[in-house]
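# Summary of the model geometry
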Amino acid sequence: MRKADLELTEDQIDRVASMFSVDPVTVRRMTFTHIPQSSRRLIAGEPRQLCSSCLRIVDRSRIILRSQLLGWRITCPLCGGRLQTISGRDRSSPFGGYHHAALIGEGMLKDEAERGIQN
Ligand SMILES: [Zn+2]
C-alpha cells in the first residue's frame, strides 16, 4: 500500500480508477503521487495522529484518513480541530502561544507539498 501511495504511474492510476469505477483524479487525490520527493519525508508510513471528532470505525477497524499520515498537519482538514498524537501522549506545549504561527506554517508546508508553491 505504501508503494501504491507514493509511486503509482499514470497508467496504474487509470487502471485502479477503472477497477473502482471512479475518476483518475479521485485516485490521485487518495495517493501521494503528486507530492514532490522533498516533501515526502513528512509523510508517515502509518498513522501518527488523529482527530477524535472525525474518528470513524468500520467493521471494528479505524478508517485511516490521509491527514493522519501528513507530518505538516496540526489541524484536521475535515473539522478544523487540533490533531492529537495516536500515542495519546499529548502534553501542553511550551509553544502553545505560537498556535497562530504554527497554523501559518502548516499552510506553507501544505502549499509546498500539494501545490508546489515554494516558500
Ligand atoms: Zn476532525
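Preceding this section is the structure that the text describes.
Report follows, based on the coordinates. (Residues numbered from 1 in each chain as written. Predicted model: local features only at pLDDT ≥ 70, side-chain atom pairs only at ≥ 80, totals over all residues. Heavy atoms only, no water.)

### Description of the coordination of the zinc ion
For a metal bound by four donors in a tetrahedral arrangement, the ideal donor-metal-donor angle is 109.5 degrees, while six donors in an octahedral arrangement ideally sit at 90 or 180 degrees. Stated precisely, the cut-off is as follows: Only nitrogen, oxygen and sulfur atoms qualify as donors, provided they sit within 2.8 Å of the metal or within 3.2 Å for Na, K and Ca; with water excluded from the atoms, sites may seem incomplete. Square planar and octahedral assignments, for four and six donors respectively, both demand that opposite donors be over 155 degrees apart and that all other angles lie between 65 and 115; tetrahedral needs four donors with all angles between 85 and 135 degrees, and anything else is irregular. Each helix is a run of H or I in the DSSP string that is no shorter than four residues. Each strand is a run of E no shorter than two, and both are numbered from the N terminus.
Listed as protein donors to the zinc ion are C51 (SG), C54 (SG), C76 (SG) and C79 (SG); their distances from the metal cover 2.2 to 2.3 Å. In this structure, the zinc ion is surrounded by 4 donor atoms whose angles at the metal cover 96 to 116°, and the resulting shape is tetrahedral. All donors of the zinc ion come from a single chain, and their spacing in sequence reads C-x2-C-x21-C-x2-C. Here C51, found in the loop between strand 1 (49-50) and strand 2 (57-58), pairs with C76, found in the loop between strand 3 (61-62) and strand 4 (84-85); they are 25 residues apart in sequence, far enough to count as distant.

### Quick notes on the pattern of salt bridges
Using the following cut-off: Whenever a carboxyl oxygen of Asp or Glu lies within 4 Å of a side-chain nitrogen of Lys or Arg, that contact is scored as a salt bridge. Summary of the burial criterion: residues with accessible area below 20% of their type's maximum are buried, those above 50% are exposed, and those between are partly exposed, where the area comes from a 1.4 Å probe applied to protein chains only.
According to the stated counting rule, one finds 6 salt bridges in the structure shown. Measuring nitrogen to oxygen at the nearest pair gives 2.6 Å for the salt bridge that ties E10 to R28. Of this pair, E10 sits in helix 2 (residues 10-19) while R28 is found in helix 3 (residues 24-30), placing the two residues 18 residues apart along the sequence. Accessibility expressed as a relative area gives 27% for R28, which makes it partly exposed. Each of R66, K110 and E114 takes part in one network of salt bridges that share partners.

### Some remarks on the environment of Q68
Applicable threshold: Whether two residues touch is decided by their heavy atoms; if any such pair falls within 4.5 Å, the residues are in contact. Whenever two N or O atoms come within 3.5 Å, that pair is a polar contact, provided that in protein one can donate a hydrogen and the other can accept it, and provided that, for residues adjacent in sequence, both atoms are side-chain atoms.
Summarising the element assignment, Q68 is placed in the loop between strand 3 and strand 4. Distance in space between the C-alpha atoms of Q68 and P47 is 5.0 Å, their sequence separation being 21 residues. Discounting residues that sit within four places of it in the chain, Q68 has contacts with P47, R48, Q49, L50, I63 and I86. In this structure the side chain of Q68 is engaged in a polar contact, spanning 2.7 Å, whose partner is the backbone nitrogen of L65.

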